[in-house]
Structures are given as C-alpha cells and as structure tokens.
Amino acid sequence: MYESGKEPLCVSSLPVSLSSASFLHAAKHGRRKGIRAFFVFRYVPSCTGRRLMNTVDEKLHAIRHSMAHVMAEAVLKKFPDAHIAIGPAIQDGFYYDFDLPRNLTPDDLEDITESMKEIIKRGSAFEKRVISRQEAKELFKDQKFKLELIDELPETEEISIYSQDGFTDLCRGPHVESLNKLNLQSFKLLSVAGAYWRGDEKRPMLQRIYGTAWTNPKDLRLHLDHLAEMEKRDHRRLGKELDLFSLHEEAGPGLVYWHPKGARIRHEIEKFWKEEHFANGYELLNTPHVGKSWLWETSGHLDFYADGMYPEMVMDKANYYAKPMNCPFHIMIYKNAKHSYRELPFRWAELGTVYRYEKSGTLHGLMRVRGFTQDDAHIFCTPGQVEDEILEVLRFSLYMLTSFGFKDIQAYLSTRPEKAVGEPAQWKLAEASLKKAIEAEGLDYDIDEGGGAFYGPKIDLKVKDAIGRSWQLSTIQFDFNEPERFDMTFVDSDGKEKRPYMVHRALLGSLERFFGVLIEHYAGAFPVWLAPVQVAMIPVAENFNAYAKDVAGALKKAGIRVLVDDSDDRMNAKIRNAQNDKIPYMLICGEREQSAASVSVRRRFEKENETMNVDAFVSFIKGKIERKELV
RNA sequence: GCCCUUGUAGCUCAGUCGGUAGAGCACAUCCAUGGUAAGGAUGGGGUCAUCGGUUCAAAUCCGAUCGAGGGCUCCA
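As the structure is a computational prediction, the values presented were derived from the model and not from experiment. (Residues numbered from 1 in each chain as written. Chains lettered and ligands numbered in written order. Predicted model: local features only at pLDDT ≥ 70, side-chain atom pairs only at ≥ 80, totals over all residues. Heavy atoms only, no water.)

Caption draft 1: Structural detail: the overall build of chain A. What chain A contains, in helices and strands, is 20 helices and 28 strands. C-alpha extents for chain A along the principal axes are approximately 85 × 75 × 50 Å. Within chain A, buried positions represent 56% of all 631 residues. A fraction of 72% describes how many contacts in chain A between residues 6 or more apart in sequence connect residues 24 or more apart. Carbon and sulfur atoms provide 50% of the accessible area of chain A, an area that totals close to 28700 Å². (Helix = DSSP H or I, 4+ residues; strand = E, 2+ residues; numbered from the N terminus. Buried < 20%, exposed > 50% of the residue type's maximum accessible area, 1.4 Å probe, protein only. Contact = heavy atoms within 4.5 Å. Areas by Shrake-Rupley, 256 points an atom, 1.4 Å probe, with all protein chains shown as cover.)

Printed below as a string of structure tokens:
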C-alpha cells in the first residue's frame, strides 16, 4: 500500500495541469513537511483556488505582493549590499528571499517593520515601466539573482519593472496603485527561515522573511488569532499535556511511543475499525514486518523506492528489509493458492506497521514519522467487479470519516500520466469507476488530469477539521504494476488465467498521523466514545470516597472508563484537573447524592450541572457512546 | 539532507559581566474535610543534551556531535 499522498515516485516528474497546480503544490509540499500543505485550502472550501479568485482575492494579492516590495526596500536600506531574489504573495501573506551579509534576528524584523511603516507613510505611487532586456540587465547589473531571472525570461515575454519610493524591482505585477493603499496596522512580519534559491538544494541558501498582510487590522487580528488557535491545538503540545504519546531522540527519532491514554484511544479506533471491516465484507490479515530482498526486487521497491527504506539486515547470508509497505505480503498470501473468479473479490485488510526512512528535517510530531501503522487493505477483483468494489470502498471511506466527526469531505481524482504501466483500456475502466463512484456519492471533486501515479489512477479524500484546515486522509489507488510483477492470476469462467485488478486503499492513512489529526480536530477534547477516561468521579470530601467508588464500580460494570479522584485536593481543584484533562463527564458526589443514590453530572466545558440517578446516567452515557456524540 | 533558531528538574521557563543552579506546576509527607475551575505548610528532585577546547574557574565563551523547532521555487 502506498501511503496517502506519498507515492514512491517523484511527484515533480508528474505533468502539472494548470487547473490543478495548487493541488499538486499541496501534494508536493505535504510530502516535505507534514501539515503545512494541508492549510492550502483553508479559506476556499470545496474548491481549488483559481476558480474562487474574486476581486477580494485579487486585491489582497496585490496588497501582499506590494508589501513584499516594501519589505525588500526596507531590507536593502538596512543592508545595501543585499542581493534580492523573489518576493511573491502567498496564501495569507507574502515573503521575500535575500542573500544577506549576516543572519537576521527577531530584532531585525522589528527594525524592518518600523522601516516599512515609514516607507508606507510616504505614500509614493507604484509605477510600472516596460523596458528592454538590455535596459533590464543594466539596471540590475548588481543583482545576480535578478540577472538570472532576466536571462531565463522567454524572448517573447514583456519585461516590466515596478518602482515605489525609489526602490525598483523586476516584477510582473500587479500592484496596488500607491503605498496609500497599504494599511500600517494590518501587516506583520512573522518569521525568518532558510530557503534555497529556486528551491534547489544545490543552489545557495537564502534568508526568507515571511509576513502576513490584510486589508484591515481586524482581518490581521483574525488571522493572528487563527495562528494562535493552531498553536493551542498542536498535537505535539496536547500529546504532552494530556499524556498521550511521546517520541524519544535517544531511542530513535520519528518513532512513536503510545502512552496508556493514547493507546486507549488507539484501541478504540482499532476496535471500531476492525468491527466495521468485518461488517463490510473484509477479512483481516497479519503479515511479517521484514522480508527478504527477493520480495522487494520483485515488487520493484528496491529499484524505485530504496531511498525510502531502512537499510538491509543481513542474516544467513540473505538481506532482509523492514517493510515500507504491506502490499507484497498480501500478494504472497494471494499467490499461495490458485484462485477462481468465483472466489473474488478478496478484500483483505491489515493494520500493518511499516518503516520508512524520512529525512530528519521532514520529521514532524505524529504527522511525519519513520514507523507507522497503515490502515491498509487490498482488493483483488475481476474487471467486472471493479465498479461495485470502488463504489463500496468510497462509501465505506466516507462512513468511517464521518464516524470520526469529519463532515466536510472533498475528493481529488488523479488520472493517467504520460508515463504509465498497464493497458489504456484498464486505465479507462479504472478511471471511469472512480469517477462514477464520486458522482454516486455526490462529492465535490477536482480532477487532476495526468496527476496519477505511474501504476494507476486514484482518489484522495481530504477532510476539513474544526478550524477549517484540510487534511488528506483516505486514498484509493489502482495498481497495474504489482499484479504484473508478481504475475498474479485468477482462473476465469472460460478456464483462462487472467490478471486480477488490484486496489490499494487506506481510509485513515496511518494511525499515527490520523491520531495527530484527531487531536488537532478535537483540540484534545475527544468525543466520549474515544476519550481515554470517560468519567471522573469527584467526591466532595473524603467521606464520600466510598460512595464514589461504588458508583465507579457500577459504571465499570457497564463498560465505562472511569476514574475516582480520591486525592486530598479540594473539590474545586479536582474539577479543574478533570477539566484540564478534558474528561467528558465529571460526576460530583456528596451528601445529597449519596442519600439519593444519584450523581451531579457536570459536562466538560459547561458550568451547568444536572442531577441523575446512577442508572439513568449509565444509560445516558451509553447512548452518547453508541451515537458517537461529543459529550 | 541543507539553512537558521534552539536544548537548564517530569512539564513550562528564569539564570546579569564566566565565580560549580532557581521559580511555578507536577510529585511526596503533614494539616485542612471542602458543594461546581487552583486551601495551606514542609520536603525530595538537575553530570545545565553529549563530547572536546579556552580559563584559576564554564549552564554561560569556542568547536564538534546528537535531538527539537521554523523553513527549503505557490514562478521576475
């Protein structure tokens, strides 16, 4: 199985169609650093950028691009010898890359900000001028990066420059008409980071300053609040605070340790996952974690994916590899016997733990790790079964995602690239079935023409979380490569051996990453069915500890996860602790409750409480769990 | 991998000009027995990431290593 959004082949080799450029960008960057790419669609629900470009966006774009120029002017003022590179408007802001004599510090950003404000106050116009190539080269003779850009501009391209306040930049525009259009109070420089010239690691490393800019201070405020909210929800922070998981540098970066509370959540996820798979006609497999090189030579991984694999282990003169994917193992099971068309389809699923070498700089909490468990499955079927199988898989994916509280789902269909294995007719059937399934489910979707992997077309599903960020979770991918390489066959009704269709699919992606997404989606306050502790018993004083334990016993008997806070904290402190642990229900008990065999129910994040008798509470919470409600 | 930033108690962080460490939370013990977001006292806990260098003296200055964080062409 190829992990969501992570084909082993280099994505940059894929042809990019205009309509899908931003999507591909997201995919490409998702590969580099876990989460960032998934913010790309933040403010453009169920649609990619271009289509939504309206006047507001264009205006913002011009403001941000102009801000970048102003920043470049300010930087040049501070460092007259600086070489300036490029400074585009981006999602939510802008950046500019510089080659500077020394490294920038946060103090420099303040300086530059002040300097920018002065420049803006002067209110000069943005003036565009079209010049000849010769003039341009003369004008930028001291700016090596600009010269390089000029040299690369096609002959037919008009060369334009924009000037404001004495600063001139090679630029295609457009810009705001004058600095008066920029608001002093609605921009902020955010960070400085390294970036290669033209993103090429063989070229010089430049310093990039990121900033954000808006039309008015209120929007800036909203954006900064949003950033703060993201920080509050950061799964690495919450994972620590709630004692869910850890990573240990001394034991190996990128390898996840699930603590009791985290593992409890994982258990609930797995339990649900397994039950639903059985209910949906799947069988479960368990396969080894390592395999001899023969397996990976046959699958082709050692040819095209060796860089992503852990190095070999030598034993009995054979090379073994930790598995980066589960598919070859599932194929071994398939090939263990001869199969008739009557047996198909096979739907074989495994929570398969795989290991991949990810560059150290790309590791990121749970989102980007070196060992993870895929909720993998492979479907082997006849050509006639493809359509139903795909429809079924997509329906199942949506069911799973919505069960975890993701209601806003978008689909992305990627079709045949120029270089591809498999017969065109196969591709056609596969693509048609994917498209049909998406339409049958009434999903919003985008097509990335030619954006599929070389081995087959696919559907990726992205969900939006509680604060509007997109995360790619599910993927459904045809594979025309491996059945060929492993010479998989089935005997058809005409007695002839034929190639089965093979579909990889992951619904949640990887359990680690999915857990990270869940943490951020719920901000650590899991719905009651997933919460590691569902109920905290809070006796108001030591005298009522025994009653609290009685009630807890009854709850445990009903299968509810409950703890009794019999510490010598005061009740207020116990409430606070339970609240901070984001436990869905607090049951406070004292004299009143004890004498009435009841509990005072306080819901997480709510002040009001209601009194119920114990039996009533049990059926109440069981209903919540059954319906997968928040609290 | 590369660039920048960074690594002090379980966690969050102070630590001035180099003079062998401090707070809050957490933890332990004791007092207090409390009605819907922190009761009080006392105490234990650190080879200042690791290795090396400079110095009479290094958490502090320098170098290397290992982590972690922010980034690494949304085309001038």
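Caption draft 2: Spatial organisation of unusual backbone geometry. Of note, the bond from leucine 344 into proline 345 is cis; its omega dihedral lies within 30 degrees of zero at 5°. With respect to the secondary-structure elements, proline 345 resides in the loop between helix H12 (327–334) and strand E15 (346–355). A positive phi is found at arginine 198, a non-glycine position, where the angle reads about 60°. Structurally, the position occupied by arginine 198 is in the loop between strand E7 (187–196) and strand E8 (205–213).

Caption draft 3: Just the nonpolar core, in detail. Ranked by size, the top nonpolar core spans 63 residues in total, and within it Ile269, Phe404, Leu461, Phe478, Phe515, Leu518 and Phe526 carry the most contacts. Take this core: its biggest share by element is 8 residues, from helix H13 (residues 386–403). Setting aside residues no more than four positions away along its own chain, phenylalanine 526 makes contact with Leu244, Ile265, Phe515, Leu518, Ile519, Ala531, Pro532, Pro584, Arg604 and Leu630. Grouped together as the second largest cluster of nonpolar side chains are 34 residues, Ala68, Ala72, Leu109 and Tyr162 included. (Core = buried A, V, L, I, M, F, W, Y, C linked by side-chain atoms within 4.5 Å.)

Caption draft 4: The packing of helix H17 (residues 545–557) against helix H20 (residues 614–626), seen in detail. The N-to-C vectors of H17 and H20 enclose an angle of 40°; their axes lie 10 Å apart at closest approach. Considering their axes alone, H17 and H20 lie oblique with respect to each other. Every pair of crossing elements has a handedness; the one defined by H17 and H20 is right-handed. Contact with H17, carried on its side by Tyr547, Val551, Ala554 and Leu555, involves Val614, Phe617 and Val618 of H20 and no other residues of that element. Looking at side-chain class alone, the contact of H17 with H20 contains 7 nonpolar, no polar and no charged residues. (Axes fitted to C-alpha atoms, helices over the stretch in contact; angles between N-to-C directions. Parallel < 35°, antiparallel > 145°, perpendicular 65-115°, else oblique. Left-handed = near helix turned anticlockwise from the far one by under 90°. Nonpolar A, V, L, I, M, F, W, Y, C, P; charged D, E, K, R; others polar.)

Caption draft 5: Here's a closer look at the sheet that holds strand E13 (residues 313–315). With antiparallel pairing, 3 strands are arranged side by side in an open sheet as E12-E14-E13. Looking along the sheet, the strands with just one partner apiece sit at the ends: strand E12 (290–292) and E13. Geometrically, the sheet is characterised by an average inter-axis angle of 35° between neighbouring strands, direction not taken into account. Strand direction decides the pairing type here: E13 and strand E14 (residues 318–322), joined by 3 bridges, are antiparallel. Bridging across to E14, valine 314 finds its partner in asparagine 319. (Pairing = 2+ DSSP bridges.)

Caption draft 6: Looking closely at the sheet that holds strand E4 (residues 127–131). Read from one edge to the other, the open sheet built from 3 strands follows the order E4-E5-E6, with strand pairing classed as antiparallel. Two strands lie at the open edges of the sheet, namely E4 and strand E6 (167–170), each paired on one side alone. The mean inter-strand angle of the sheet, taken between neighbouring strand axes irrespective of direction, is 25°. Across 5 bridges, E4 lies against strand E5 (residues 159–164) in antiparallel orientation. Bridging across to E5, isoleucine 131 finds its partner in isoleucine 159.

Caption draft 7: Geometry of the packing of helix H9 (residues 260–279) against H13. Here H9 crosses H13 at 150°, and the two axes come no closer than 12 Å. The angle between H9 and H13 falls in the class roughly antiparallel. Judged by the twist between their axes, the crossing of H9 over H13 is right-handed. Across the interface between the two elements, Phe272, Trp273, Glu276 and His277 from H9 touch Phe396, Tyr399, Met400 and Ser403 from H13. Here the residues of the contact of H9 with H13 are counted per class, giving 5 nonpolar, 2 polar and 1 charged.

Caption draft 8: Expanded view of H13. Taking 1.5 Å per residue as the helical rise, H13 with its 18 residues ought to reach 26 Å, and the 26 Å between its terminal C-alpha atoms agrees with that figure. Within the sequence span of H13, burial applies to Val386, Glu389, Ile390, Val393, Leu394, Phe396, Ser397, Leu398, Met400, Leu401 and Ser403. After H13 finishes, the residue glycine 405 shows a positive phi value of roughly 95°. (Expected span 1.5 Å × (residues − 1).)

Caption draft 9: Layout of H17. With 13 residues, H17 extends 18 Å between its outermost C-alpha atoms, agreeing within 8% with the 18 Å of an ideal straight helix rising 1.5 Å per residue. Looking at H17, one finds that the buried residues are Asn545, Tyr547, Ala548, Val551, Ala552 and Leu555. Down the axis, H17 shows its buried residues gathered within 160° of arc, on one side only. In this structure, H17 carries Ala546, Asp550 and Lys557 as exposed residues pointing more than 90 degrees from its buried face. Summarising the contacts, the buried residues of H17 are in contact with strand E24 (535–539), strand E25 (562–564), strand E26 (585–589), helix H19 (591–596), strand E27 (598–603) and H20. (Arc of directions from axis to C-beta.)

Caption draft 10: Main features of the environment of asparagine 216. On the secondary structure map, asparagine 216 appears in the loop between E8 and helix H7 (217–233). In this structure asparagine 216 comes out as partly exposed when scored by relative accessible area, which is 27%. Considered as a pair, asparagine 216 and phenylalanine 187 are 29 residues apart in the sequence and their alpha carbons are 8.6 Å apart. Residues contacting asparagine 216, with those up to four places away along its chain left out, are Asn183 and Ser186. A polar side-chain atom of asparagine 216 sits 3.1 Å from a polar atom in the side chain of threonine 215. Within the local environment of asparagine 216, its side chain forms a polar contact with the backbone nitrogen of aspartate 219, the two atoms lying 2.8 Å apart. (Polar contact = N/O pair within 3.5 Å; in protein donor to acceptor, adjacent residues only side chain to side chain.)

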